[in-house]
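Descriptive analysis of the structure
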Amino acid sequence: MSARNNFISGLVMLVVTLVFFIQVFRIEEDPFGHGMDPDTFPLSVCITLLALTVGFVISSFFVMRKENSEPMQLEALTVLGRQIANLPHELNLFVGWVLPMSMIAFAYLGLMNLFQYLIPSILCLSATLALFGNRGVKWLVIIPTVSMTIYYIIFFGILRLSEPRGALWEYDNFYIFGTLRKLMGV
C-alpha cells in the first residue's frame, strides 16, 4: 500500500512542479537590471525539483510493481472501514487541526494585503508553531523573526522578488536593498 501511495504522491508532486516550471517562463526580465536575471533562481529550483520528482515517481513505480496486488486490495478495504467507523475522530481532527490551519492561512492572506510580507509571515509562522505545540520565547518570537527576516533578505532583497503593496503600511524594498544588490553585483 505504501508504494502505491508514494506513486500517487509522486504524480501529484510532479503535476505541481510542472505548473511552477511553466510559470517560471512568465517571469518578466528587468530591462534595467544587471547581473542575475529574476528567473534564474526559480528556474534552477524547478529543474532540481523536476529531476527529484521524476526520480521519485520512477522508483516508486518499480517498487509498486513488485508488491503483490491482492493483499493491497484487502488492506484498502480495511482502511476504508476504519475511516467510516471513526467519523467523530475525523471531525475532531478537522476542528483541531484543519480549521485552525485554514484560519491561519486566511489571516496570512489578509494581513499580507494590509502590511506587505514580512510582519504577516512572522505572525503566522508563530501562530503555526504554537498550533503544533511549540512554546516559549525562542519558538514563538526568535525563530519566526530570524527565519522570516533571512528569507525576506534573500528573496525580496537580493533576488528582487516583488511583493504587493500593503493597504495600511507599505514600503519599497528597492531603497532598503538597492545598495546591497549593487555591492553583490546582482
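What counts, and at which threshold
Every residue gets a number counted from 1 within its own chain, in the order that chain's sequence is written. Reporting of local features is limited, given that this is a predicted model, to residues whose pLDDT is at least 70; pairs of side-chain atoms are given and counted only at 80 or more, and all residues count toward the totals for whole chains, interfaces and linings. Note that the side-chain values use all heavy atoms of the structure and ignore hydrogens as well as water. Only DSSP runs of H or I with at least four residues qualify as helices, and only runs of E with at least two residues qualify as strands; both kinds are numbered from the N terminus onward. Here, residues are in contact when the closest pair of their heavy atoms is within 4.5 Å. Nine residue types can take part in a nonpolar core, namely buried Ala, Val, Leu, Ile, Met, Phe, Trp, Tyr and Cys, and a core is a set of them joined through side-chain atoms within 4.5 Å. Three labels apply to residues, based on accessible area from a 1.4 Å probe with only protein chains included: buried if under 20% of the type maximum, exposed if over 50%, partly exposed otherwise in between. Axes are fitted to the seven residues ending at a residue and to the seven starting at it; the angle between these axes is taken as the bend at that residue. Axis lines are fitted through C-alpha atoms, for helices just across the contact stretch, and the angle between N-to-C directions can take any value from 0 to 180 degrees. Any angle that is under 35 degrees is reported as roughly parallel, and any over 145 degrees as roughly antiparallel; angles of 65 to 115 degrees are reported as roughly perpendicular and all others as oblique. As a working rule, the residues Ala, Val, Leu, Ile, Met, Phe, Trp, Tyr, Cys and Pro are called nonpolar, Asp, Glu, Lys and Arg charged, and the rest polar, with Gly in that last group. In this scheme Phe, Tyr and Trp rings, the latter by its six-membered ring, pair at centre separations within 6.5 Å, and the angle between planes marks the pair as stacked below 30 degrees, edge-to-face above 60, and tilted otherwise. Note: crossing handedness is left-handed where the near helix turns anticlockwise from the far helix by less than a right angle, and right-handed where it turns clockwise.

We now examine the environment of phenylalanine 156. Within the secondary structure, phenylalanine 156 sits in helix α6 (residues 137-158). The sequence separation of phenylalanine 156 and phenylalanine 177 amounts to 21 residues, and the corresponding C-alpha distance is 8.7 Å. Residue contacts for phenylalanine 156: discarding those within four places in its chain leaves Tyr117, Tyr151, Leu161, Ser162, Glu163, Asn173 and Arg181.

Right, let's talk about the nonpolar core for a bit. Counting nine residues, the largest nonpolar core is built from Met112, Tyr117, Leu118, Ile122, Met148, Tyr152, Phe156, Tyr171 and Phe177. Contributing elements (two or more residues each) for this core: α5 (118-131) and α6. Among the elements that line this core, the one with the most residues is α6, at three residues. Once you skip the residues sitting within four places of it in the chain, isoleucine 122 turns out to touch Pro144, Thr145, Met148 and Thr149.

Another point: α6. The sharpest bend along α6 measures roughly 30° and falls at isoleucine 143, with the proline proline 144 sitting one to four residues further on. Three or more residues of α6 are buried, namely Pro144, Met148, Tyr152, Phe156, Gly157 and Ile158. Looking at the buried positions of α6, the neighbouring elements they touch are α5 and α7 (173-184). Directly beyond the C-terminal end of α6, a positive phi value near 60° is found at arginine 160.

It is worth spelling out the side chain of asparagine 134 at this point. In this structure, asparagine 134 sits in the loop between α5 and α6. With sequence-adjacent residues up to four places away left out, asparagine 134 is seen in contact with Leu129, Trp139 and Leu140.

Our focus in this paragraph is the packing of α6 against α7. Geometry of a packed helix pair, given as the angle between the helix axes and the separation of the axes. Contact pair α6 / α7: the axes reach a minimum separation of 9 Å and the direction vectors enclose 85°. Relative to α7, α6 is oriented roughly perpendicular. On α7, the residues touching Tyr152, Ile153, Phe156, Gly157 and Ile158 of α6 are Asn173, Phe177, Leu180, Arg181 and Met184. Residue composition of the contact of α6 with α7, grouped by class: seven nonpolar, two polar and one charged.

Attention shifts here to unusual backbone geometry. For glutamine 116, which is not a glycine, the phi torsion comes out positive at approximately 70°. Structurally, glutamine 116 is set in the loop between α4 (87-115) and α5.

Right, let's get into the environment of phenylalanine 25. One can find phenylalanine 25 in the loop between α1 (2-24) and α2 (40-66). The spatial distance from the C-alpha of phenylalanine 25 to the C-alpha of leucine 43 is 8.2 Å, given a sequence separation of 18 residues.

Evaluation of the coordinates by the stated rule reveals 13 aromatic pairs. Summarising the aromatic geometry, the rings of tyrosine 117 and phenylalanine 156 are spaced 4.5 Å apart at their centres and angled 40° between planes, so their arrangement reads as tilted. Residue tyrosine 117 is located in the loop between α4 and α5, and its partner phenylalanine 156 is located in helix α6; the two are separated by 39 residues in the primary sequence. Between the aromatic rings of tyrosine 152 and tyrosine 171, the centroid separation amounts to 6.4 Å while the plane-to-plane angle is 65°, which identifies the pairing as edge-to-face. Of the two residues, tyrosine 152 sits in helix α6 while tyrosine 171 sits in the loop between α6 and α7, which places them 19 residues apart along the sequence. Look at tyrosine 171 and you get buried, because its relative accessible area is 16%. Three or more aromatic residues joined by ring pairs form one cluster here, namely Phe41, Tyr117, Tyr151, Tyr152, Phe155, Phe156, Trp169, Tyr171 and Phe177.

So, on to the packing of α1 against α2. One way to put it is that α1 packs onto α2 with a least axis distance of 8 Å and a crossing angle of 160°. Considering the angle they form, α1 stands roughly antiparallel to α2. By crossing handedness, the relation of α1 to α2 is classed as left-handed. Looking at side-chain class alone, the contact of α1 with α2 contains 21 nonpolar, five polar and one charged residues.

Don't take any of this as a statement about function, it's just geometry.
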